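# Inside the fold
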Amino acid sequence: MTDHAPVAYTGPQRVLSGVQPSGALHLGNYLGALVKFARLQHGQPTFIFVADMHAITVWQEPAKLAAQTREIAAAYLAAGLDPAKAAIFPQSAVPEHAELAWIFNCVARLGWLDRMTQFKEKSGKHKERSSVGLYTYPVLQAADILVYKATHVPVGEDQKQHLELTRDIAAKFNHDYDAPGFFPLPDPLVQGPGARVMSLRDGSAKMSKSDESDYSRINLTDDSDTIAQKIRKARTDPAPLPETLEELATRPEADNLVGIFAALSERTKLDVLTEYAGQGFGTFKPVLADLVVATMGPVTAKMRDYMNDPGEIDSILATGAARARQVARPVVDEVRKLVGFWGA
Ligand code: AQP
């Protein structure tokens, strides 16, 4: 170990992200992640994986996991990801993720992981019965990103803390192994009104796959009637929509619905308020429901089409995995040399 002032990474820019195949996707995943993936693929080389190794940190039925993996791939394609541009692959098909994760387990400090709020939320009162994988999940996530030396990571706001941990691991590795600038310190891309979509039943909790109430979320597989009903029943307050963002911020449920409207129509929240200020939810909710149905309907239909062709999805996943390995293997080989492993 030697002392070094941090040296900036000067390699190519790359985008990486992923979603777990742990249940039906919802509007939060779509706006916070999928839409951003599709936008970014036109700029830099893009790697989008299905996080099946993350999914098994909590129990997954073995008989269903491969189908769930294909379903996420179908959602990626339906959201506009193009396999000719982005490498789309299952995480477990690129073993370099796990290989690097072990080395990072030896770089990360227990104190860093102890601060991760997602583990605390997901393990709840039964921490000692959680898998070790759930605890070290953010370390695997750091390996997912850095095995491609990715510089930009589009995620929802809930992932910001994990991204900070990735930066800490990259900086410590570069320092400890005397490899200034070897790994980039990746930037989370979290901006935009879709970065934190909240539950339709509780404006202080994020929309989540694991929420017990199906009325808390809009699933990518919901039909038009179900979507309209969920928005009609969404919790709100009796006041009309305000004129300013400051007032909106004091009303979490209203803020959430305006945010969803803004994200789906690619406008700002202020723009939406300018149009609907003074109107009650009796007027706003049906317009929002129409917008959600009009935007999500075609995505759901495309997703079903892809799901009906599992052979095509498998071929896209296999090609994506081969492309991903071409980038990941040389990085891990360099890491092996830096660490001093035999034969490297
Ligand atoms: N409510 C949300 N708003 C905006 N973005 C969100 N994301 C998740 N929920 C929201 C983003 O979706 C991506 C994939 O998430 P994931 O499936 O890998 O893990 P997650 O964050 O644990 O997603 P869920 O749906 O909330 O699942 P559970 O209920 O299991 O916790 C990430 O980029 C995430 O930020």
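Cut-offs applied
- Position numbers for residues start from 1 in each chain and track the written sequence from start to end.
- With the structure being a predicted model, the display of local features is reserved for residues of pLDDT at least 70 and the display and counting of side-chain atom pairs for 80 or more, all residues being used for whole-chain, interface and lining totals.
- Only hydrogens and water are set aside; all other atoms, that is, all heavy atoms of the structure, feed into the side-chain values.
- Residue ranges for the domains originate in an automatic or database domain assignment.
- What makes two residues a contact is simply this: any of their non-hydrogen atoms within 4.5 Å.
- Put simply, buried area is the surface a 1.4 Å probe can reach on two separate parts but cannot reach once they are joined, added for both.
- For this analysis, a salt bridge means a side-chain nitrogen from Lys or Arg found within 4 Å of a carboxyl oxygen belonging to Asp or Glu.
- Under the rule applied, a polar contact is a pair of N or O atoms within 3.5 Å (in protein, one hydrogen donor and one hydrogen acceptor; residues adjacent in sequence only if both atoms are side-chain atoms).
- For our purposes a nonpolar core is just a set of buried Ala, Val, Leu, Ile, Met, Phe, Trp, Tyr and Cys residues, chained together by side-chain atoms within 4.5 Å.
- Using a 1.4 Å probe on the protein chains alone, a residue whose accessible area is under 20% of its type maximum counts as buried, one over 50% counts as exposed, and one in between counts as partly exposed.
- We count a stretch as a helix when DSSP gives it H or I for four or more residues in a row; a strand needs E for two or more, and each element gets its number in order from the N terminus.
- Working convention: axes come from line fits to C-alpha atoms, limited for helices to the stretch in contact. Angles between N-to-C directions cover 0 to 180 degrees.
- When an angle is under 35 degrees it counts as roughly parallel; over 145 it counts as roughly antiparallel; between 65 and 115 it counts as roughly perpendicular; any other value is oblique.
- Handedness of each helix crossing follows the sense of rotation of the near helix against the far helix: counterclockwise by less than a right angle gives left-handed, clockwise gives right-handed.
- Residues are grouped as follows: Ala, Val, Leu, Ile, Met, Phe, Trp, Tyr, Cys and Pro are nonpolar; Asp, Glu, Lys and Arg are charged; all remaining types, including Gly, are polar.
- The directions considered for the arc run from the helix axis to the C-beta atoms.
- Nearness is defined per residue: one heavy atom within 4 Å of the molecule or strand is enough.
- Here the Shrake-Rupley method, with its probe set to 1.4 Å, supplies the accessible areas, and only the displayed protein chains count as covering residues.

## So, the domain arrangement of the protein chain
By a widely used convention, the size of an interface equals the accessible area lost when the partners come together. If you check the domain split of the protein chain, you get domain 1 (15-196 + 309-339) and domain 2 (214-304). A straight line from the C-alpha centre of domain 1 to that of domain 2 covers 29 Å. Listed as interface residues are 16 residues of domain 1 and, on the opposing side, 17 residues of domain 2. Taking both partners together, domain 1 and domain 2 bury about 1300 Å²; carbon and sulfur atoms supply 75% of that area. Summed over the three residues of domain 1 that lose the most area to domain 2, namely L27, A78 and P193, the buried surface amounts to 41% of that side. At the surface where domain 1 touches domain 2, the tally comes to 0 salt bridges. Linking domain 1 to domain 2 there are 2 residue pairs in polar contact (both at pLDDT 80 or more).

## Things to note about the nonpolar core
In this structure, L27, Y30, L34, Y76, I260, F284 and V292 are the most contacted members of the largest nonpolar core, which totals 55 residues. Here this core takes 9 residues from helix α13 (residues 281-307), the largest share from any one element. A domain split of this core shows at least three residues from each of domain 1 (15-196 + 309-339) and domain 2 (214-304). The residues touching Y76, leaving out its near neighbours within four places in the chain, are G18, V19, L34, F37, I48, F49, V50, L81 and I88. In terms of nonpolar packing, the next biggest core, distinct from the first, is built from 45 residues, L16, V107, A150 and F183 among them.

## Focus on the pattern of salt bridges
Counting across every chain of the model gives 17 salt bridges. Ionic pairing is found between E99 and R329, a salt bridge with its closest N-O pair at 2.8 Å. Residue E99 is found in helix α4 (residues 96-105), and its partner R329 is found in helix α14 (residues 310-339); the two are separated by 230 residues along the sequence. In this structure, R267 and E275 form a salt bridge, with 2.7 Å as the shortest nitrogen-oxygen distance. Linked through salt bridges whose partners overlap, the residues forming this network are E96, E99, R325, R329 and D333.

## Let's talk about the packing of helix α7 (residues 132-146) against helix α8 (residues 160-176)
Relative orientation of the contacting elements α7 and α8 amounts to 70°, with a least axis distance of 9 Å. Judged on the interaxial angle alone, α8 and α7 are roughly perpendicular. Considering only the axes of α7 and α8, their crossing is right-handed. The segment α7 lies against α8, with Y137, P138, V139, Q141, A142, I145 and L146 engaging H162, L163, L165, T166, I169 and A170. The residue makeup of the contact of α7 with α8, split by class, is 10 nonpolar, 3 polar and no charged.

## Let's talk about α4
Restricting attention to buried positions, one finds in α4 the residues E96, H97, L100, A101, I103 and F104. Down the axis of α4, the buried set is contained in an arc of 160°. They therefore lie on one face. If you follow the buried residues of α4, they end up packed against β3 (86-90), α7, α8 and α14.

## Here's the deal with the site of the ligand
Around the ligand, a shell composed of 21 residues is seen, among which D158, K206, S208, K209 and S210 lie nearest. G156 has a polar backbone atom sitting 2.8 Å from an oxygen atom of the ligand. Within the side chain of K206, one N or O atom sits 2.6 Å away from an oxygen atom of the ligand. Computed on the free molecule, the ligand has an accessible area of 640 Å², of which 94% lies beneath the protein chains in the complex. The element that contributes the greatest number of residues to the shell around the ligand is helix α1 (residues 27-40), accounting for 4 residues.

## With respect to helix α12 (residues 269-276)
Within the sequence span of α12, burial applies to V272, L273 and Y276. Down the axis of α12, the buried set is contained in an arc of 100°. They therefore lie on one face. Against the buried residues of α12 lie α10 (245-249), α11 (252-265) and α13. A positive phi of about 90° marks G278, the residue just after α12.

## Looking at the side chain of S208
Tracing the backbone through its elements, the reader meets S208 in the loop between β5 (187-189) and α9 (224-232). Not counting the four nearest positions on each side in its chain, S208 is found in contact with H26 and R217.

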